[in-house]
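What follows is each chain in one-letter form.
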Amino acid sequence: MIGRKNMGRASPLLLVLLAFGFFFATYNLLTMILHYRSVGKWVGGNSNSRLLADPIVEMPENVKVKGSKAPFHVALTATDASYSKWQCRIMYYWYKKKKDMPGSEMGGFTRILHSGRPDNLMDEIPTMVVDPLPAGLDRGYIVLNRPWAFVQWLEKATIEEEYVLMAEPDHIFINPLPNLAHGGYPAAFPFFYIKPTQNEKIIRKFYPKENGPVTNIDPIGNSPVIIKKDMLEKIAPTWMNISLSMKEDTETDKAFGWVLEMYAYAVASALHGVQHVLRKDFMLQPPWDLEIGKKFIIHYTYGCDYNLKGELTYGKIGEWRFDKRSYLRGPPPRNLPLPPPGVPESVATLVKMVNEATANLPNWDTQ
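What counts and how
Going along each chain's sequence as written, the residues are numbered from 1 onward. Local features in this predicted model are restricted to residues of pLDDT 70 or higher, and side-chain atom pairs are both shown and tallied only at a pLDDT of 80 or more, whereas totals for entire chains, interfaces and linings draw on every residue. Side-chain calculation: all heavy atoms of the structure are included, whereas hydrogens and water are not. In this analysis a 1.4 Å probe is tested at points of a 1 Å grid over the protein atoms alone, and where it fits but cannot get out there is a cavity; an open set with protein on both sides within 12 Å along at least five of seven lines is a pocket; lining residues have an atom within 4 Å of a point. Grid points are joined across faces, edges and corners, and a volume is the space filled by probe spheres set on the points. Under the scheme used here, helices are H or I runs from DSSP no shorter than 4 residues and strands are E runs no shorter than 2 residues, and both carry numbers assigned from the N terminus. Side-chain classes follow a simple rule in which Ala, Val, Leu, Ile, Met, Phe, Trp, Tyr, Cys and Pro form the nonpolar group, Asp, Glu, Lys and Arg form the charged group, and the remainder, Gly included, forms the polar group. For salt bridges, the criterion is a side-chain nitrogen of Lys or Arg within 4 Å of an Asp or Glu carboxyl oxygen. Only protein chains enter the accessibility calculation, which uses a 1.4 Å probe. A residue is then buried if its area is under 20% of the maximum for its type, exposed if over 50%, and partly exposed in between. The rule is short: rings of Phe, Tyr and Trp, with Trp giving its six-membered ring, pair when the centres are within 6.5 Å, and they are stacked under 30 degrees, edge-to-face over 60, tilted in between. The pairing criterion for strands is at least two bridges between them, as found by DSSP. Residues count as neighbours in contact if any of their non-hydrogen atoms are within 4.5 Å of one another. Simply put, an axis is a line fit to the C-alpha atoms, just over the touching stretch for a helix, and the angle between two N-to-C directions goes from 0 to 180 degrees.

Visitor: Please explain the layout of surface pockets as it appears in this structure.
Guide: The rolling of a water-molecule-sized probe over the atoms marks out the regions of remaining empty space. In this structure, the largest pocket encloses a volume near 780 Å³. What lines the largest pocket is a set of 30 residues, among which Ile142, Val143, Arg146, Glu168 and Lys324 lie closest to the centre. Those elements giving two or more residues to the lining of the largest pocket turn out to be β1 (72-78), α3 (82-99) and α8 (260-271). Looking at side-chain class alone, the lining of the largest pocket contains twelve nonpolar, twelve polar and six charged residues.

Here's what the structure looks like:
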């Protein structure tokens, strides 16, 4: 465990590791993490920065009007596992298709590969290799590497864009994406299962009362979020610190589970006095969201199971199904069967877009 107090001195664990000759690169990494934890611990909040209007409904009048284009850099974190690779390839295919369409403000693209070594997609997808957390520190929760990956990328990367979109491999752009952020107000998607007010007892461990009400914390994760790069540079170390602290705390780890890192980003943002404009049109999630409409991203995190009548059988493997977890060890085959009649537009569109990408990506079955 990384010590929370007396950050200027080496922790007992670090001394032990050094005594046993723990390799130098990991020592440097731990030292950097200690530094960032000390930075994040003392960050205060400013409750006066909250929006006066409900951001799910509207944003303040003085930030509604945008002038010239404000391109954003698309950045996603990934591993070198096959499961991550095939999703990244599909995601990047649709990024390239939508990037230059009317209405798009997408700029450059970076896959932040936190496996610590190059892989076979380096020539296909613009990639920066960063280090993973030291072995065992993520406790089997691979997503803990995401904030640490962003901290490293933000330190090393030189990008032209003022804004960054934090995205994920299982995102598909379905419409050209404009910059939904407005000045000092980043844009984010509100997740129905991120409920800070219902978890106030736990949240207060990381967001003390002197920082303001728990309602300061947005019901979001770190993705999708469009945010100014300089603002993210301030939030990212705190996000990493809180993610590690939450994972170390048994009660928090049990309560938040696989969305722990999402809560950590929401809390870190609030500690920096940052509130997001919440955009329900940012993303849709089949099978629960039925229509595409004017939304921008498909997030295919949920399995889609239907019988041959087109009826949802969620929780039970359907006669027809698409679930990304069916392809943990290798990519889905080309030309997946389309869903039966009656299945929502969102699900049918998802499968069609996967099929188009796999039909056009070279060496798909041999990656």
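From this point, the discussion proceeds with the structure in view.
Visitor: Looking at this structure, how should I read the environment of Lys156?
Guide: Along the chain, the position of Lys156 falls in helix α4 (residues 145-156). Note: C-alpha distance between Lys156 and Val130 (26 residues apart in sequence) is 9.4 Å.

Visitor: What am I meant to see in the pattern of salt bridges here?
Guide: Pairing between side chains of opposite charge can happen when their charged atoms approach one another. This structure, assessed with the given rule, holds 19 salt bridges. Lys99 is paired through a salt bridge with Asp100; the nearest N and O atoms lie 3.3 Å apart. The class for Asp100 is exposed, based on a relative accessible area of 65%. A salt bridge links Asp170 to Lys324, with the shortest nitrogen-to-oxygen separation between them at 2.6 Å. Here Asp170 is found in the loop between β4 (163-167) and β5 (171-173), whereas its partner Lys324 is found in the loop between β12 (320-322) and α9 (345-360), with 154 residues between them in sequence. A single salt-bridge network, built from bridges that share partners, covers Lys201, Lys205, Asp249 and Glu251.

Visitor: Which parts of the structure should I look at to understand the packing of aromatic side chains?
Guide: Each aromatic ring pair is described using two quantities: the centre-to-centre distance and the angle formed by the ring planes. As enumerated under the stated definition, the model contains 20 aromatic pairs in all. With centroids separated by 6.4 Å and ring planes inclined at 25 degrees, the aromatic side chains of Trp86 and Tyr300 adopt a geometry described as stacked. Of the two residues, Trp86 sits in helix α3 while Tyr300 sits in the loop between β10 (297-299) and β11 (304-306), which places them 214 residues apart along the sequence. Judged on exposure class, the residue Trp86 and its partner Tyr300 are both buried.

Visitor: Got a minute to help me understand the sheet that holds β4 in this structure?
Guide: Backbone hydrogen bonds are what pair the strands of a sheet, in a parallel or an antiparallel way. Taken in spatial order, the seven strands make up an open sheet running β3-β2-β1-β4-β7-β6-β8, and their pairing is mixed. Strands at the two margins of the open sheet, each flanked by one partner only, are β3 (127-129) and β8 (277-278). Sheet topology note: the strand β2 (residues 106-113)/β3 ladder contains three bridges and is parallel. Bridged to Leu113 within β3 is Val129. The sheet strands contacting helix α6 (residues 229-248) are β4 and β7 (225-228), and the helix crosses β7 at an angle near 110 degrees.

The values are spatial; any link to function lies outside them.
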